[in-house]
Amino acid sequence: MIVGERKPLQEIIKAVEPFEKILVLGCGECVTVCMAGGDKEAKETALAISVARKRAGKPVEVKSHTIERQCEFEYLEAGRKLIEDADVIVSLACGVGVQTMNMHYEDMRTLPGINTTFMGMPFQQGVWVENCLGCGNCVLEETMGICPIARCSKSMLNGPCGGSQDGKCEVSKETDCGWHLIVERLMKFDKLSALEEVKPPKDWSTSHSGGPRKMIREDVKL
Amino acid sequence: MTMSNLQKVLNSGAFVVTGELGPPKSAEREKIEHHGHLLGGVVDAVNLTDNQTAIVRTSSIACGKILVDMDIDPVIQITCRDRNRIAIQSDVLGAVALGIKNILCLQGDHANFGNEPAAKNVNDLDSMNLIRSLKNMRDEQVFIGGEKLEAPIDIFIGAVENPFADPFEYRAYRLAKKVEAGVDFIQTQAIFDMDRFERWMAKVRELGIHKKVPILAGVIPIKSLGAARYMKNNVSGMIVPDEIIDRIKAAENKKEEGVKLCVEMIKHLKTIEGVAGVHLMAVAWEEIVPEIVERAGLLPRPKFD
């Protein structure tokens, strides 16, 4: 799933300062699951903006609403009346949702209310971890299902580097060394010899390095 | 092809001594020359660090050229952190054109250690495929992308290995992989935990790696108790046992104790089968190097025409 974190309230409040009719728009997908931009957070954010503006002596009308999936055009019609009635939308969807909104309602301003952090998973209650960078050329089969691109701080194909200690990455003692996990798992399956071959430089052209990506499938096109 | 001084000393079978010079956070050529004068003649080659610990400093290649001008054999460090394959291959050609031969391949400390923590970490290549890529440039005259070099280049490819990183059981195998990738010489992370280094070397010998590649054991003279503690707590991939800290702490003359410890370690390393030399990293204490090399009984250094 896509994981996000709400922007600091002060940043949101400052961004909507010039506006009088504000709609905070939650999304019912990933950001609801990661408790950053669902209906509950949309209501809380709307209330916080409202209170802050009242305190500042500039009361304002703030509504909230949630759309099931902000990243697809066909879902965006559901909130048309509320959306067009506002001066500005604060979207609590991921960066994809914010852009879909701006494309679909091109005469409106839709501002981001969350920072999209990564593609990952809830590892424990309240803990999310990144585990895919969407590089466009999956190597998980070679690394026992642990991604060296996302889970090694240096995206090494021939790790671990010399900064791996006690199973942790040199970047932070809170971060597991992805390559330590790979080596351990290979040993568990008695497959350490899989690392003998030198992996050549990665072809990054399938990743964002190749430019903004677009996928076209003739078989499903209308 | 002409050999670098480092290659010549390695080939002669003499116990090799390499040094290290940390480029300044300035463009003061005289500082680099000053350190060059201290190291030249007492070590066989001098490493130039590449923005070590992700701190912006003068380029290792530029410093290498200054040493070439002083008739000192430089070892240029190249990390994968700051440059993609276009820049790295271009810099290698530039370094060779400037008379530099020894190139040490490293991954590089993550940028969040340094003075530009907001920098983008490039890591287009990793240290392993960097070794292979340089070997291919030299032996096959081919760039990573497949195009041919217009003329051959002659380089001597080094790499590092860290016996103090984990998983320990994999570390000797990783060294074997670097040999497979095409490395010509190895310098290790600084050794303070001799017991662990010896266990690693035992595995290296068991795998026969020491016969395929010369291994230079890394040592750092401890200048002060603060420096020892800093290395223990703040330098990634380093192990400084408490006994070492306690020994420096107990000493009246801490600098002398640091030198004594370093000399003892070098003398001991010399007795370990498969250790072809030492890599002496006295960064920010370059002036002590002649004394250490002398007291370790490693002077005069071999000279070749």
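Residues numbered from 1 in each chain as written. Chains lettered and ligands numbered in written order. Predicted model: local features only at pLDDT ≥ 70, side-chain atom pairs only at ≥ 80, totals over all residues. Heavy atoms only, no water.

A count of helical and extended segments in chain B gives eleven helices and eight strands. Against the 2.2 N^0.38 benchmark of 19 Å for 305 residues, chain B shows a C-alpha radius of gyration of 18 Å, consistent with a compact globule. Dimensions along the principal axes, computed over C-alpha positions, put chain B at roughly 60 × 50 × 45 Å. Put simply, chain B has 305 residues, and 57% of those count as buried. Once local pairs closer than 6 in sequence are excluded, the contacts in chain B between residues at least 24 apart make up 79%. (Helix = DSSP H or I, 4+ residues; strand = E, 2+ residues; numbered from the N terminus. Rg over C-alpha atoms; globule rule 2.2 N^0.38 Å. Buried < 20%, exposed > 50% of the residue type's maximum accessible area, 1.4 Å probe, protein only. Contact = heavy atoms within 4.5 Å.)

So, about the side chain of Arg138 of chain B. Relative to the assigned elements, Arg138 of chain B resides in helix α5 (residues 127-139). Ignoring any residue separated from it by four or fewer positions in sequence, one finds Arg138 of chain B in contact with Ile153, Asp154, Ile155, Phe156, Ile157, Gly182 and Asp184 of chain B.

As a further point, take the interface of chain A and chain B. Each partner contributes residues to the interface: chain A has 28 residues there, and chain B has 33 residues. Surface buried jointly by chain A and chain B totals about 2400 Å² across both partners, of which 53% is contributed by carbon and sulfur atoms. One can count zero salt bridges joining chain A with chain B. Where chain A meets chain B, there are 21 residue pairs in polar contact (both at pLDDT 80 or more). (Buried area = accessible area lost by both parts, 1.4 Å probe. Salt bridge = Lys/Arg side-chain N within 4 Å of Asp/Glu carboxyl O. Polar contact = N/O pair within 3.5 Å; in protein donor to acceptor, adjacent residues only side chain to side chain.)

Domain assignment breaks chain A into domain 1 (2-118) and domain 2 (133-210). Taking only C-alpha atoms into account, the centre of domain 1 of chain A sits 37 Å from that of domain 2 of chain A. (Domains from an automatic or database assignment.)

For the rest of this paragraph, the subject is the pairing of strand β9 (residues 172-176) of chain A. Residues and elements named next belong to chain A. Bridge count for strand β8 (residues 168-169) against β9 is two bridges, and the pairing is antiparallel. Across the sheet, Lys168 pairs through a bridge with Asp176, a residue of β9. Linking β8 back to β9 in an antiparallel pair, the connection comprises two residues. (Pairing = 2+ DSSP bridges.)

Residue and element names in this part refer to chain A. Across its 17 residues, helix α3 (residues 39-55) extends 24 Å between first and last C-alpha, which sits within 8% of the 24 Å expected from 1.5 Å per residue. Within α3, the full set of buried residues consists of Glu41, Ala42, Thr45, Ala46, Ile49 and Arg53. Each buried residue of α3 sits inside an arc of 135° when the element is viewed along its axis, so together they form one side. In this structure, α3 carries Lys40, Leu47, Lys54 and Arg55 as exposed residues pointing more than 90 degrees from its buried face. The inward-facing, buried residues of α3 contact β1 (2-6), α1 (9-15), β2 (21-27) and β3 (61-67). Of the residues trailing α3, Gly57 is marked for its positive phi of about 80°. (Expected span 1.5 Å × (residues − 1). Arc of directions from axis to C-beta.)

Our focus in this paragraph is the packing of aromatic side chains. Residues and elements named next belong to chain B. Scanning the model with the defined rule gives two aromatic pairs over all chains in all. Geometrically, the ring pair formed by Phe156 and Phe185 is stacked, given 5.1 Å between the ring centres and 20° between the ring planes. Remark: Phe185 occurs in strand β6 (residues 185-190) and Phe156 occurs in strand β5 (residues 156-161); sequence separation between them is 29 residues. When its relative accessible area of 0% is taken as the criterion, Phe185 is described as buried. Here the basic side chain of Arg199 rests over the ring of Phe168, its NZ or CZ set 5.1 Å away from the ring centre. (Phe/Tyr/Trp six-rings, centres within 6.5 Å; stacked < 30°, edge-to-face > 60°. Lys NZ or Arg CZ within 6 Å of the ring centre and 35° of its normal.)

We now examine the sheet that holds β6 of chain B. All names here are of chain B. Reading around the circumference, β1-β2-β3-β4-β5-β6-β7-β8 is the order of the eight strands in this closed barrel, with parallel pairing throughout. With direction set aside, neighbouring strand axes in the sheet form an average angle of 30°. Across the sheet, helix α1 (residues 5-12) is in contact with β1 (16-21), β2 (45-48), β3 (74-79), β4 (102-106), β5, β6, β7 (215-219) and β8 (275-280); its angle to β1 comes to roughly 155°. Here helix α3 (residues 60-69) sits on the sheet and contacts β1, β2 and β3; the angle it forms with β3, its principal contact strand, is near 175°. (Axes fitted to C-alpha atoms, helices over the stretch in contact; angles between N-to-C directions.)

Let us look at the sheet that holds β2 of chain A. All names here are of chain A. One open sheet holds the four strands; their spatial order is β3-β2-β4-β5, and the pairing between them is parallel. Because the sheet does not close on itself, it has two edges, and the strands there are β3 and β5 (109-112). Strand-to-strand twist in this sheet, taken as the mean axis angle between neighbours without regard to direction, amounts to 25°. Lying on the sheet, α3 is in contact with β2 and β3; it crosses β3 at an angle near 170°.

Time to look at the packing of helix α2 (residues 29-39) of chain B against α3 of chain B. Residues and elements named next belong to chain B. At a minimum axis distance of 10 Å, the contact between α2 and α3 shows a crossing angle of 55°. In terms of axis orientation, α2 runs oblique to α3. Note that α2 runs across α3; the crossing there is right-handed. Side by side, α2 and α3 meet where Arg29, Ile32, Glu33 and Gly36 of the first sit next to Cys63, Ile66, Leu67 and Asp69 of the second. The residue makeup of the contact of α2 with α3, split by class, is four nonpolar, one polar and three charged. (Parallel < 35°, antiparallel > 145°, perpendicular 65-115°, else oblique. Left-handed = near helix turned anticlockwise from the far one by under 90°. Nonpolar A, V, L, I, M, F, W, Y, C, P; charged D, E, K, R; others polar.)

Take a nonpolar patch on the surface next. Residues Met121, Phe123 and Val127 of chain A make up a contiguous nonpolar surface patch of about 250 Å² in total accessible area. Of note, Phe123 of chain A is situated in strand β6 (residues 114-124). (Patch = residues over 30% accessible without salt bridge, like charges linked within 9 Å, V, L, I, M, F, W, Y side chains within 5 Å. Areas by Shrake-Rupley, 256 points an atom, 1.4 Å probe, with all protein chains shown as cover.)

All names here are of chain A. The set of residues buried in helix α6 (residues 95-104) consists of Gly97, Val98, Thr100 and Met101. The buried residues of α6 occupy one face: seen down the axis, they fall within an arc of 165°. The outward face of α6, more than 90 degrees from its buried face, is lined by the exposed residues Gln99 and Met103. Elements in contact with the buried residues of α6: β2, α4 (73-76), α5 (80-85), β4 (88-91) and β5.

With that out of the way, let us pick up the environment of Gly210 of chain A. Residues and elements named next belong to chain A. As for its position among the elements, Gly210 is in the segment after α8 (178-188). The spatial distance from the C-alpha of Gly210 to the C-alpha of Val3 is 24 Å, given a sequence separation of 207 residues. Those residues in contact with Gly210, other than ones at most four positions away along the chain, are Trp204 and Ser205.

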